[in-house]
Amino acid sequence: MSIISNCTATAIKDAATALVKGDLVAFPTETVYGLGANATNKNATGRIYAVKGRPKGHPLIVHISSIGNLDMWARNIPEYAVKLALAFWPGPMTLILPRTDLAKDFITGGQDNVGVRIPSHTVALALLKEFEDQGGLGVAAPSANRFGAVSPTTATAVEIELADFLSENDQILDGGPCSIGVESTIINCTQNKPSILRPGAVTKEIIEDTLGVIIDLSTLNSESIKIKAPGLLESHYAPKAKVFLTGSPTLGDGFIALDSFTTPNGAIRIASPKTNEEFARVLYEAFRLADFKGLRRVFVIPPTGDGIAVAINDRLSKSAFEK
Ligand code: TXA
Ligand code: MG
C-alpha cells in the first residue's frame with residue numbers, strides 16, 4: 001500500500017487507474033475518508049468488505065462527479081430529489097433512490113435502492129472525474145475504517161485503521177483533515193416524501209427551507225430503517241474506550257465538551273471545541289486520541305440544539321457504552 005501525500009494531477013491519474021484496474025484507493029472527502037473501489041467491479045467491491053471486516057449485505061454508497069451521471073445509477077427520481085441534488089451537490093449528502101440495472105446486488109445489498117453522493121472535496125472530485133475520464137462509472141466508498149470503529153478524518157487515521165489489511169497496489173490519498181468530520185446526511189428518496197436516515201451537515205432545517213416541507217425526524221430510529229440500512233443501527237462509531245454521555249469523570253478519565261465547560265478535577269481534557277461545527281470536526285480524532293492515550297473511559301457533554309448537533313448526538317448515542 002502506498003500513501004500519496006502530494007495529490008498532483010499525475011498522482012490523481014495514477015490513483016484513478018488503480019481504481020479502474022480493481023485496486024482500492026482511500027481518499028479524502030469533506031465528511032470523512034472513504035475506501036474506494038470501482039462500483040461496477042464485483043471483486044473490487046468485495047475487497048472493501050474484507051478490508052473493513054464488514055458483514056456482507058451492508059449497501060455501499062456510489063460516488064460520482066456530476067449530476068449528469070445520476071441517471072446511470074438511479075431511476076424514477078422524484079422532483080424533490082432533483083431539487084436536493086441541485087441545492088447540495090457537490091456536498092455532504094447521500095440520496096437513496098430506486099436503482100437502475102447498473103447498481104448490482106453487490107452494491108445495494110440486494111435492495112432495490114442505491115445510495116449516491118457527489119462529494120465536494122477537491123481531491124475526491126478530481127479523482128472521480130479522472131476515473132470517469134478513464135471509463136469508470138462510479139466509485140463505491142464506505143468510510144475507511146474497520147467495521148464498527150470510528151470513521152477516519154485524516155489520512156493517518158486511515159493508515160492506522162487499514163494498513164494491515166490493504167494490498168501492495170492499494171493507495172491512500174492524503175488530502176488533509178476533513179472539514180466537516182461526520183458522515184453525510186442520508187436522505188431516503190424512494191417515497192413521496194423525503195426522510196432522513198442518517199443526520200449530517202445538510203440539516204433538517206436546511207432541507208425544510210429548500211423544499212418547503214416539514215421533515216419528520218421520528219423516522220430516524222424506526223423499524224423501517226433497520227431493514228433499509230442495517231449498518232445504521234448497530235453499535236457504531238465507537239472507540240475502544242467506553243463512552244459515557246452522563247455522569248462525571250474521575251481521575252484519569254477522558255473528557256470532551258465545548259470550550260465553555262471546565263474540566264472536572266482529575267479528568268484528562270481531550271477536546272475543547274468552540275462551536276458545534278468544530279465539535280463535529282474534532283470528535284472522531286478526539287476518540288482516537290483517547291485510545292492512543294490508552295484511556296478506558298471518556299465522558300462527553302453532548303452539544304444541545306438543532307443543526308449539526310443532531311448529527312453529533314446521533315453518533316454519540318451510537319458510540320456510547322450501554323450500562
Ligand atoms: O460521508 C459519507 O457518507 C462517507 C463518505 C466516504 O462518502 N461514506 C459513508 O459510507 O459513511 P458508510 O458505508 O460508512 O455508511 C453509509 C451508510 C451505511 O450504513 C449503509 O448501510 C447506508 O449508508 N446505505 C448505503 N446505501 C444504502 C441504500 N441503498 N439504502 C439504505 N442505506 C444505504
Ligand atoms: Mg461507516
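Shown above is the structure to which this text applies.
Residues numbered from 1 in each chain as written. Chains lettered and ligands numbered in written order. Predicted model: local features only at pLDDT ≥ 70, side-chain atom pairs only at ≥ 80, totals over all residues. Heavy atoms only, no water.

1. Considerations on the nonpolar core
Logical step 1: Core analysis: the biggest nonpolar cluster contains 47 residues, and Leu 35, Leu 84 and Leu 95 have the highest contact counts within it.
Logical step 2: Among the elements that line this core, the one with the most residues is helix 4 (residues 79-88), at five residues.
Logical step 3: What Leu 95 contacts, discounting residues up to four positions off in sequence, is Ala 81, Leu 84, Ala 85, Trp 89, Val 114, Gly 115, Val 116, Ile 187 and Cys 189. (Core = buried A, V, L, I, M, F, W, Y, C linked by side-chain atoms within 4.5 Å. Buried < 20%, exposed > 50% of the residue type's maximum accessible area, 1.4 Å probe, protein only. Helix = DSSP H or I, 4+ residues; strand = E, 2+ residues; numbered from the N terminus. Contact = heavy atoms within 4.5 Å.)

2. Quick look at the packing of aromatic side chains
Logical step 1: Tallied over the full model, the rule gives two aromatic pairs.
Logical step 2: With centroids separated by 6.3 Å and ring planes inclined at 0°, the aromatic side chains of Tyr 237 and Tyr 284 adopt a geometry described as stacked. Taken together, the positions of Tyr 237 in the loop between helix 9 (223-228) and strand 11 (242-244) and Tyr 284 in helix 10 (residues 276-292) put the pair 47 residues apart, joining distant regions of the chain. Here Tyr 237 matches Tyr 284 in class, with each residue buried.
Logical step 3: Where Phe 244 meets Phe 299, the ring centres are 4.9 Å apart and the plane angle is 15°; that geometry is what we call stacked. Remark: Phe 299 occurs in strand 14 (residues 297-300) and Phe 244 occurs in strand 11; sequence separation between them is 55 residues. (Phe/Tyr/Trp six-rings, centres within 6.5 Å; stacked < 30°, edge-to-face > 60°.)

3. Here we look at the packing of helix 10 against helix 11 (residues 308-319)
Logical step 1: Taken N-terminus to C-terminus, the directions of helix 10 and helix 11 make an angle of 25°; their axes are 9 Å apart at the nearest point. If you check the angle between helix 10 and helix 11, you find them roughly parallel. The two elements helix 10 and helix 11 meet at a crossing, and its hand is left-handed. Only Ile 308, Ala 309, Ile 312, Arg 315, Leu 316 and Ser 319 of helix 11 make contact with helix 10, whose side of the interface consists of Asn 276, Glu 277, Phe 279, Ala 280, Leu 283, Tyr 284 and Phe 287.
Logical step 2: Of the residues belonging to the contact of helix 10 with helix 11, the class tally is nine nonpolar, two polar and two charged. (Axes fitted to C-alpha atoms, helices over the stretch in contact; angles between N-to-C directions. Parallel < 35°, antiparallel > 145°, perpendicular 65-115°, else oblique. Left-handed = near helix turned anticlockwise from the far one by under 90°. Nonpolar A, V, L, I, M, F, W, Y, C, P; charged D, E, K, R; others polar.)

4. Some remarks on the packing of helix 4 against helix 8 (residues 204-211)
Logical step 1: Interhelical geometry of helix 4 versus helix 8 gives an angle of 115° and a closest axis separation of 10 Å. Judged by the twist between their axes, the crossing of helix 4 over helix 8 is right-handed. Counting all contacts with helix 4, which are made through Tyr 80, Lys 83, Leu 84, Ala 87 and Phe 88, the residues of helix 8 involved are Ile 206, Ile 207, Thr 210 and Leu 211.
Logical step 2: Counted by class, the contact of helix 4 with helix 8 contains seven nonpolar, one polar and one charged residues.

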